Amino acid sequence: NDTIDETDLYATFQVTDVQNNVYSSAPAVVKASVSEVTEVRTEYDDANLIMIDEMTIVPGNNGIRVNLKIRNLTEQEALVQMNHVVLNGTVTPDDLEAWGIGSGENEGLMPEEEQNVSLLIPADQLTGMDSIREITFDLNILEAADESNIGTVPVIMTLNVDLEGK
């Protein structure tokens, strides 16, 4: 197949010898695309605890990265833990988690502070899946001072990530 797929990343190599002869390679796939993330629908009740201001899904060869920009809606400094991840109804290991922490001198997010939370779902968790249609997880809001639970916000993401090209 000599066609170039526009969703893949290619590189060519050129070598110039001492007599200034230039030799070029054929295009080689550097990184094949996993898929194209189409529409993502997110459902959650912020419960006056946390707001998801932005969300992106980034497929890659090492897995799927879920990026959130969150905002602390509480009146106190809070830590945010993203855990209890379920892919298409399949529970992932308990250690698959990410944390939203404060910037600067604060350990937690101050009231109304925004921060990013990024969770990598490793490729080995995707084994046997040809697509991802739903990702669910919890955002646990914890008191920064003693990590006591302030509340939990369950999140449901409905999406269409085709893993066939992985």
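A quick note: this is a predicted structure, and the numbers were derived from the prediction, not measured.

### Structural notes on the sheet that holds strand S11 (residues 114-122)
What holds strands together in a sheet is hydrogen bonding between their backbones, with the strands either parallel or antiparallel. Strand order in the open sheet made by the three strands is S6-S7-S11, with antiparallel pairing throughout. At either end of the open sheet lies a strand with only one pairing partner, and these are strand S6 (50-60) and S11. Across the sheet, the mean angle separating the axes of adjacent strands is 15 degrees when strand polarity is ignored. Bridging between strand S7 (residues 63-72) and S11 involves nine bridges; their strand directions are antiparallel. Directly across from Leu68, in S11, lies its bridge partner Val117.

### Focus on the confidence of the model for the protein chain
Confidence along the protein chain averages 82 in pLDDT terms, with 83% of residues attaining 70 or more. Here strand S4 (residues 28-31) is the element of the protein chain with the lowest mean pLDDT, 54, and strand S8 (residues 78-87) is the one with the highest, 94. Counting contacts from residues 31-36, a segment whose pLDDT is below 50, to residues more than four positions away or on other chains yields 21 contacts.

### Some words on the nonpolar core
Within the largest apolar cluster, 32 residues are counted, with the highest numbers of intra-cluster contacts made by Met82, Ile121, Ile135, Phe137 and Leu139. Breaking this core down by element, the ones donating at least two residues are S6, S7, S8, S11, strand S12 (131-143) and strand S13 (149-162). Beyond its immediate sequence surroundings of up to four residues, Ile135 is in contact with Val66, Val85, Val86, Leu87, Ile121, Val155, Ile156, Met157 and Leu159.

### Notes on unusual backbone geometry
One non-glycine residue, Asn48, lies in positive phi territory at about 55 degrees. Within the element layout of this structure, Asn48 appears in the loop between strand S5 (41-43) and S6.

### Focus: the environment of Val91
Relative to the elements of secondary structure, Val91 occurs in strand S9 (residues 90-91). Val91 sits 44 residues away from Ile135 along the chain, and the two C-alpha atoms are 10.0 Å apart. Other than its neighbours up to four places away in sequence, Val91 contacts Val85 and Val86.

### Some thoughts on the environment of Ser103
Positionally, Ser103 belongs in the loop between strand S10 (98-100) and S11. The spacing of Ser103 and Glu114 is 11 residues in sequence and 9.2 Å in space, taken between C-alpha atoms. In this structure, Ser103 is in contact with Glu113 and Gln115, ignoring residues within four places of it in sequence.

### Details of the pattern of salt bridges
Considering all chains together, one arrives at four salt bridges under this definition. Two residues, Glu43 and Arg41, come together in a salt bridge whose shortest N-O distance is 3.1 Å. For Arg41, a relative accessible area of 43% puts it in the partly exposed group. The closest approach of N and O atoms between Arg71 and Asp53, which form a salt bridge, is 2.9 Å. Taken as a pair, Arg71 in strand S7 and Asp53 in strand S6 lie far apart in primary sequence, 18 residues in all. Owing to a relative accessible area of 22%, Arg71 belongs among the partly exposed residues under this scheme.

### Some remarks on the pairing of S6
Pairing between S6 and S7: 10 bridges, direction antiparallel. Paired with Thr56 across the two strands is Asn67, which belongs to S7.

The rules behind the values
Residues numbered from 1 in each chain as written. Predicted model: local features only at pLDDT ≥ 70, side-chain atom pairs only at ≥ 80, totals over all residues. Heavy atoms only, no water. Pairing = 2+ DSSP bridges. Helix = DSSP H or I, 4+ residues; strand = E, 2+ residues; numbered from the N terminus. Axes fitted to C-alpha atoms, helices over the stretch in contact; angles between N-to-C directions. pLDDT = per-residue confidence, 0-100. Contact = heavy atoms within 4.5 Å. Core = buried A, V, L, I, M, F, W, Y, C linked by side-chain atoms within 4.5 Å. Buried < 20%, exposed > 50% of the residue type's maximum accessible area, 1.4 Å probe, protein only. Salt bridge = Lys/Arg side-chain N within 4 Å of Asp/Glu carboxyl O.

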